[in-house]
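Here are the chains, one letter per residue:
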Amino acid sequence: MAKVVRVLCIGDVFGEPGRRALAAFLPRLRAELEVDLVVANVENAAAGFGVTPRLARGFLEGGVDVMTSGNHIWDRKEIIEYIVKENLLLRPANYPAGTPGVGSVVVKAGAYQVGVLNLQGRVFMPTIDCPFTRGDEEVARLRTATPIIVVDMHAEATSEKQAMGWYLDGRVSAVVGTHSHVQTADERLLPGGTAFITDLGLSGPIDSVIGVEKDLAIQRFLTGMPNRFEPAKGRVRLQGAVIRIDPESGRATGIERIQRDLAE
Ligand SMILES: [Fe+2]
């Protein structure tokens, strides 16, 4: 039987509803899809803003192997002390030199080593170092350890995420987008062997505005005034994608979107 490594990548886990969806589906998805490694973006896990050490520990205990993040990583100040000690929680690698934490990690998945890299876009986002040049450096370094590399490109613009997919095609196993909280239907294998999807989607409340209580979001659009965003209540869903990778070459052989709705 051909060897394959399966990596399940989970879209932004949003607040308690997202955590509930993850807890409900992750154990059975791991078994059903024969997953070797689970990567989840957790930057919105704490009520939509940041992640706390307690929640991060809970994800690791609950079956997540590597946690990625993005622009909300520093929203909870207590995460700084945690992230300097726990390299399974990544912050984008293209944050300026000296930023606490790391942007990539190599972990074991069964008999193989897998590199996970977190990058962040700059279009309609805070200005940080270039994700493309920083990505070059990180990928070159990771490839000395393993050809199996999964990249979470946390970005607002679909164009920037697609550009990163093409830029890294043939050098990494997968580029998956996060941050928009809306799953895109463009999953594909690029010609060089990199699996790509513009956005994994949201793990969180279905009847919401990208996770937020819809009336609060509407009020902000109507008035332009700041108000306190809260995660929406009600039905929850998990979204992501599973990627199949040939462990010898690091080339992806398949990518499939995942969506699971929790019955109330
Ligand atoms: Fe984000």
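What counts and how
- Residues numbered from 1 in each chain as written.
- Predicted model: local features only at pLDDT ≥ 70, side-chain atom pairs only at ≥ 80, totals over all residues.
- Heavy atoms only, no water.
- Helix = DSSP H or I, 4+ residues; strand = E, 2+ residues; numbered from the N terminus.
- Buried < 20%, exposed > 50% of the residue type's maximum accessible area, 1.4 Å probe, protein only.
- Contact = heavy atoms within 4.5 Å.
- Areas by Shrake-Rupley, 256 points an atom, 1.4 Å probe, with all protein chains shown as cover.
- Patch = residues over 30% accessible without salt bridge, like charges linked within 9 Å, V, L, I, M, F, W, Y side chains within 5 Å.
- Salt bridge = Lys/Arg side-chain N within 4 Å of Asp/Glu carboxyl O.
- Core = buried A, V, L, I, M, F, W, Y, C linked by side-chain atoms within 4.5 Å.
- Donors = N, O, S within 2.8 Å, 3.2 Å for Na, K, Ca; no water.
- Tetrahedral: all angles 85-135°; square planar, octahedral: opposite > 155°, others 65-115°.
- Axes fitted to C-alpha atoms, helices over the stretch in contact; angles between N-to-C directions.
- Left-handed = near helix turned anticlockwise from the far one by under 90°.
- Phe/Tyr/Trp six-rings, centres within 6.5 Å; stacked < 30°, edge-to-face > 60°.

> Explain the overall build of the protein chain to me, using residue names and the numbers behind them.
Secondary structure summary: the protein chain contains 6 helices and 13 strands in total. Overall size of the protein chain, expressed as C-alpha extent along the three principal axes, is 55 × 40 × 35 Å. A buried classification covers 55% of the 264 residues belonging to the protein chain. Within the protein chain, counting contacts between residues at least 6 apart in sequence, those at least 24 apart form 63% of the total. Surface exposure of the protein chain reaches about 11200 Å², of which carbon and sulfur atoms provide 54%.

> Summarise a nonpolar patch on the surface; cite the residues concerned and give the values.
On the surface, a cluster of nonpolar side chains totalling about 400 Å² of accessible area is made up of V182, V209, I210 and F221. Locating V182 in the fold gives a position in the loop between β8 (174-178) and β9 (188-189).

> If you had to explain the nonpolar core to someone new, which residues and values would you point to?
Grouped together as the largest cluster of nonpolar side chains are 34 residues, with contacts concentrated most on L8, I10, V51, F59 and L89. Listing elements by their share of this core, those giving two or more residues are β1 (5-10), α1 (15-32), β3 (37-41), α2 (53-61), α3 (79-83) and β12 (236-245). Sort the elements by how many residues they give to this core and α1 lands first, with 6 residues. Here L89 is in contact with V42, V51, M67, I73, I79, Y82, I83 and V102, once residues within four sequence places are set aside. Membership of the second largest hydrophobic core comes to 25 residues, among which are V7, V107, V114 and V150.

> Let's hear about the coordination of the iron ion: which residues, and what values?
Distances from the iron ion to its protein donors, namely E43 (OE), N71 (OD1), H154 (NE2) and H179 (ND1), fall within the range 2.0 to 2.3 Å. Each of the 4 donor atoms bound to the iron ion contributes to angles spanning 85 to 163 degrees, and the resulting shape is irregular. Every donor residue of the iron ion comes from the same chain, spaced as E-x27-N-x82-H-x24-H. With a gap of 25 residues between them, H154 in strand β7 (residues 149-154) and H179 in the loop between β8 and β9 connect regions that are remote in the sequence. This pair shows no difference in class: H154 is buried, exactly as H179 is.

> Outline the environment of R19, supporting the account with residue identities and numerical values.
Structurally, R19 is set in helix α1. With relative accessibility at 25%, the residue R19 sits in the partly exposed group. Between the C-alpha atom of R19 and that of D186, which follows or precedes it by 167 residues, the distance is 26 Å. The contacts of R19, once residues within four sequence positions are left out, are V13, A45, A47, L55 and F59.

> Break down the pattern of salt bridges for me, with residues and values.
Taken as a whole and assessed by the stated rule, the structure comprises 13 salt bridges. We note a salt bridge from R257 to E187, for which the minimum N-O separation is 2.8 Å. Taken together, the positions of R257 in strand β13 (residues 252-261) and E187 in the loop between β8 and β9 put the pair 70 residues apart, joining distant regions of the chain. The partly exposed category is assigned to R257, whose relative accessible area is 34%. Here D207 ties to R235 by a salt bridge, and the two come within 3.2 Å at their closest N and O atoms. Note that D207 is positioned in the loop between β11 (202-205) and α6 (214-223) and R235 in the loop between α6 and β12, a separation of 28 residues in sequence. Residue R235 is classed as partly exposed on the basis of its relative accessible area of 34%.

> Tell me about the packing of helix α4 (residues 131-143) against helix α5 (residues 158-168), residues and numbers included.
Contact geometry for α4 and α5: axes closest at 11 Å, N-to-C directions at 35 degrees. Regarding α4 and α5, the two cross each other, and that crossing is right-handed. Between α4 and α5, the contacting residues are P131, F132, D136 and V139 on the first element and E160, A163, M164, Y167 and L168 on the second.

> Could you give me a rundown of the packing of aromatic side chains, with the residues and numbers involved?
Counted by the stated rule, this structure contains 2 aromatic pairs. Their ring planes at 80 degrees and their centres at 5.4 Å tell us that F132 and Y167 sit as a pair that is edge-to-face. In this pair, F132 sits in helix α4 while Y167 sits in helix α5, placing the two residues 35 residues apart along the sequence. Its relative accessible area of 33% is what places Y167 among the partly exposed residues.

On their own, these measurements won't tell you what the molecule is for.
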